Structures are given as structure tokens and as C-alpha cells.
Amino acid sequence: MIVLETKLRGNPTQFATLDDAIRTAQFIRNKCLRYWMDHKGVDQYDLSKLCAVLAKEFEWAGKLNSMARQASAERAWSAIKQFYDNCKAKKPRKKGFPRFKKNCRSVEYKTTGWKLSEDRKHLTFTDGFEAGTFLLMGAVDLHFYQISQIKRIRVVRRADGYYAQFCINVDRQETIQPTGKAVGIDLGLKYFYKATDGTEVENPKFLRKSERKLKQLQRRVSKKQKGSKNRRKAVNRLGRQHLKVSRQRKDWVVKQARALVMSSDFIAYEDLQVRNMVRNHHLAKSISDASWSLFVDWVKYYAQIFGKVQQPVPPQNTTIDCFDCKRPVQKTLSTRTHVCPHCGSVRCRDENAAWNILEKGLRLAGLSTVGHTGIHASGQNDRYLNQGIGLDKSAG
């Protein structure tokens, strides 16, 4: 399953109609959530039945396509199911109780309620709202797929316009030449990551670089009168700047993840609990700007596409333990060089952590190093034998 995104071009009246559809989808989701709160034993099928009841009760809700209403109910059930799963897993602290949405920005259609032109350049919405036909800007990739392969279309409102996301049912698999290389990476703030092969990727810090511009735009919003057109314009300019930072970060992360996966056959990384790490108010902004979670998600995605092996590793003691003698060496956050008083090993603390991560990752994957001749596997990891993965300690 892949997602292709194009921008919609239309007139203000059409976009106002899309806003009505988005608000209706939000209404359906919140009503389903309220129904679940008020009645015990409600399941997903009960929420789907509720969509038809709401369409009869509210005439404007019936304008939204039936499958779009069901998709909104599925969104509510997704939040409910996640809450149930967290409770069953006895997740510490908050369990993520479902909340009502007050500023929804998207509506999702399934296989009905829309029509795509034969030349793949125009999208027409055929539900009761009658938003009309929109020009698809940059829809070249849609020519490679059949209309029957499009399973969902999501309309998203952003600060710079409206976008249509096409969810296409296709398996993406690519074959590349194995590199015979295993690598461990340590994610950080000074370096975005440091690898066992000596690769150092600098942290771009997109938010920090745009912070001055964001503060200036935020001050302009604060000085405008609430409810005025000038305030809405100022809010839109601020939103566009935030959107630019977000797109810069995503573009950079995707390129780094793809390069890392293509250059290695085995990638070990820390399974960081970023949600807990941002509780540190001194580092929360820098951690969020680093976007480690987004990077790890794309590493997993590309590893699946290219048939590579990725292994998350518990982060405990990866920085403290000495890779050579395995004895703990306490460090503060400002100590950037690992100096072991037991064996005399001296190297960058991030590089020491990367080697520990690689060793733990190989162990968790059921692989063991045998000098420079490769890695032996057992059990379910026999399929990795032919990749020729090797671990060269001398590189450290």
C-alpha cells in the first residue's frame, strides 16, 4: 500500500464546500465517540450502524457519502481500540482515553463518492455536497495505476491549500545488490546519528534555524484583533512557516533513511521512548526538532522495501558500557569522549554507543560475529546467511 499526494486547484466556493464535508466528518466521529461513552458494550459494528441513523436525523449529515461516514466512524473506533490495547498492556501513566476533535482537517472517502477522470488530471466529488471537479496538480504518478487500485482518497486542508491523498493497493518491492555490511547507529543531538563505520550526520536543526522568523510571525498574530481578517491572514502566514519547517524535516529524514538502508544489510538502532524523553523541559525542543521517531519509521519502511534487516535495541547502558571491556563508565551529558579507566579505550562516546548497539542488535537477531568471515545464524535467521554480513571491530 502506497500513498500519493496531489494538490487540488479549484475556486473558493468549492473549497468552502470541502470545509463543510470536513466538519461533517468531524461531527460523525464525535457523535460515535459520544455514543460509545454513553452505552456499554459498543463495538465497531454498532458505530457503523449509528452512521445511518445520524444521516436520517440530520439532513446535512446525509449529504456526506455513506462510506465517508463509515470512515469517520472507523477513526473513532481506532482511538477506542488504541485505548483498550493500552489498558490491556498495562501501559504506565496515561492510557490515551479518546478525545473529541474540535479542529479536524481531513475527510476520507473509500471507493465511492468520487470519480477520477481517464487522463488522471481531474477529481470530481459526487456526494451530496457536490463540491465539483478539481484539477490535480502534479498527478503524473497516477498514470501508472488503475482506478480500481485506489482504495481510499483523503482530502487534507493545510495552511497553503487543499490536498488529495490517494491510497493505492500495490506491493512495493525493490531488489538491490547486497553490501555485506552491518552497521549500528547512535541517535543524538550534536550528531543526528553516528554509525560504526565512522559516518557522522550533522543535525540540521530546521526548527532552530527558523525560530527567529516564527517568533516574528507569532508576534504579528498576537497584535491583530481577534476575529479580524488581518488576524486570519497572520495566522495563515504563521501556519505556512510551520509547514515549511515540517516539510524540510520530512524531506531530509526520508533521504537519510533511504541512504542508510541502501548502504547496509543490517541496521541496529536504539528503541528510544521519545514520548518520555520530551518530559525533560531543557531538551524537549531539541529532541522534537531531531525527529528521531520519524527517522526510525522510514528506516523500517525502506528496510521492508529493499529486503534489509533492521533491529531495534533497548537503549539502557549503551552509552555507559565500554565496548572493549564491557565495564560501566559513568558519563554526564557534557562528556563527549569515552575514556575507559579499566582498559584505556578512548573514542567518541557516540561511536562507543554505536558499537554497543550493533553488538546488542546482532545478539537479539540471533546472529553472532565470526571475525571478518561473516555472521552465523540459527533458527529463523538462516535466510540472512547469504547476505554476507560482517562485523569489523577494527573500524572502531
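Residues numbered from 1 in each chain as written. Predicted model: local features only at pLDDT ≥ 70, side-chain atom pairs only at ≥ 80, totals over all residues. Heavy atoms only, no water.

Under the defined criterion, the tally for this structure stands at 18 salt bridges. The partner of Glu200 in a salt bridge is Lys194, and the shortest N-O contact between them spans 2.0 Å. For Lys194, a relative accessible area of 4% translates into the label buried. Three or more residues joined by partner-sharing salt bridges are found here, namely Glu74, Glu108, Lys110, Arg152 and Arg154. (Salt bridge = Lys/Arg side-chain N within 4 Å of Asp/Glu carboxyl O. Buried < 20%, exposed > 50% of the residue type's maximum accessible area, 1.4 Å probe, protein only.)

The α-helix winds at 3.6 residues per turn, so residues separated by three or four positions along the chain end up facing the same way. The end-to-end C-alpha separation of helix α2 (residues 44-57) is 20 Å, in line with the 20 Å expected for 14 residues at 1.5 Å each. Along α2, the residues classified as buried are Leu47, Leu50, Cys51, Leu54 and Ala55. Taken down its axis, α2 places every buried residue within 140 degrees of arc, on the same side. Of the exposed residues in α2, those oriented more than 90 degrees away from the buried face are Tyr45, Lys49 and Lys56. Buried-residue contacts for α2 involve α1 (12-38) and α3 (66-88). (Helix = DSSP H or I, 4+ residues; strand = E, 2+ residues; numbered from the N terminus. Expected span 1.5 Å × (residues − 1). Arc of directions from axis to C-beta. Contact = heavy atoms within 4.5 Å.)

Further remarks concern the confidence of the model for the protein. When pLDDT is averaged along the protein, the result is 85; 93% of the residues meet or exceed 70. Contacts for the low-pLDDT stretch residues 370-396, under 50 throughout, to residues beyond four places or in other chains number 54 contacts. (pLDDT = per-residue confidence, 0-100.)

Strand order across the open sheet formed by five strands is β10-β9-β8-β11-β12, with mixed pairing between neighbours. Only two strands of the sheet have a single neighbouring strand rather than two, namely β10 (200-202) and β12 (309-313). Recorded for the sheet is a direction-independent mean angle of 20 degrees between the axes of neighbouring strands. As judged from the three bridges shared by strand β8 (residues 182-187) and strand β11 (residues 266-270), these two strands associate in the parallel manner. Looking at β11, one finds that Gly184 is bridged to Ala268. Contacts between helix α8 (residues 292-306) and the sheet are confined to β8, β9 (191-195), β11 and β12, with β8 contributing the most and set at about 165 degrees to the helix. Packed on one face of the sheet, helix α9 (residues 349-364) meets β8, β9, β11 and β12 and runs near 125 degrees to β8. (Pairing = 2+ DSSP bridges. Axes fitted to C-alpha atoms, helices over the stretch in contact; angles between N-to-C directions.)

Moving on, we come to the pairing of strand β1 (residues 2-9). In the sheet, β1 pairs with strand β7 (residues 161-168) via six bridges, with the strands oriented antiparallel. In the sheet register, Leu4 faces β7, and the bridge partner there is Phe166.

A few words on the side chain of Ser106. As for its position among the elements, Ser106 is in strand β2 (residues 106-109). Residue Ser106 is classed as buried on the basis of its relative accessible area of 12%. There is a polar contact of 3.0 Å between the side chain of Ser106 and the side chain of Arg75. Contact partners of Ser106, with chain neighbours within four places excluded, come to Ile22, Ala25, Arg75, Arg154, Val155 and Val156. (Polar contact = N/O pair within 3.5 Å; in protein donor to acceptor, adjacent residues only side chain to side chain.)

Mapped onto the fold, Arg240 is located in helix α5 (residues 229-262). With 80 residues separating them in the primary sequence, Arg240 and Asp160 have C-alpha atoms 6.2 Å apart. Excluding residues that lie within four positions of it along the chain, Arg240 makes contacts with Ala159 and Asp160. Engagement of the side chain of Arg240 in a polar contact is seen with the side chain of Asn236, the distance being 2.8 Å.

Tracing the backbone through its elements, the reader meets Asp119 in the loop between β3 (114-116) and β4 (122-125). As a C-alpha pair, Asp119 and Phe58 span 61 residues in sequence and 37 Å in three-dimensional space. A polar side-chain atom of Asp119 sits 3.2 Å from the main-chain amide nitrogen of Lys121.

A few words on the nonpolar core. Core analysis: the biggest nonpolar cluster contains 34 residues, and Ile185, Leu187, Tyr193, Leu260, Trp292 and Phe295 have the highest contact counts within it. Mapped onto this core, the elements with two or more residues apiece are β8, β9, α4 (206-223), α5, β11, α7 (284-290) and α8. Among the elements that take part in this core, α5 stands out by supplying nine residues, more than any other. Sequence-distant contacts of Tyr193, defined by excluding residues within four places in its chain, comprise Ile185, Asp186, Leu187, Thr199, Glu200, Val201, Gln256, Leu260 and Phe295. Membership of the second largest hydrophobic core comes to 29 residues, among which are Ala25, Leu116, Ala139 and Ile153. (Core = buried A, V, L, I, M, F, W, Y, C linked by side-chain atoms within 4.5 Å.)

Applying the stated criterion across every chain yields a total of 21 aromatic pairs. Ring centres of Phe27 and Phe58 lie 5.1 Å apart, and the angle between their planes is 80 degrees; on these two criteria the pair is classed as edge-to-face. Placement of the pair is Phe27 in helix α1 and Phe58 in the loop between α2 and α3, with a sequence separation of 31 residues. Relative to Phe83, the ring of Trp36 lies with its centre 6.4 Å away and its plane at 80 degrees, an arrangement referred to as edge-to-face. You can see Trp36 sitting in helix α1 and its partner Phe83 sitting in helix α3, a full 47 residues away along the chain. Its end group placed over the ring of Tyr191, Lys194 keeps NZ or CZ at 4.9 Å from the ring centre. (Phe/Tyr/Trp six-rings, centres within 6.5 Å; stacked < 30°, edge-to-face > 60°. Lys NZ or Arg CZ within 6 Å of the ring centre and 35° of its normal.)

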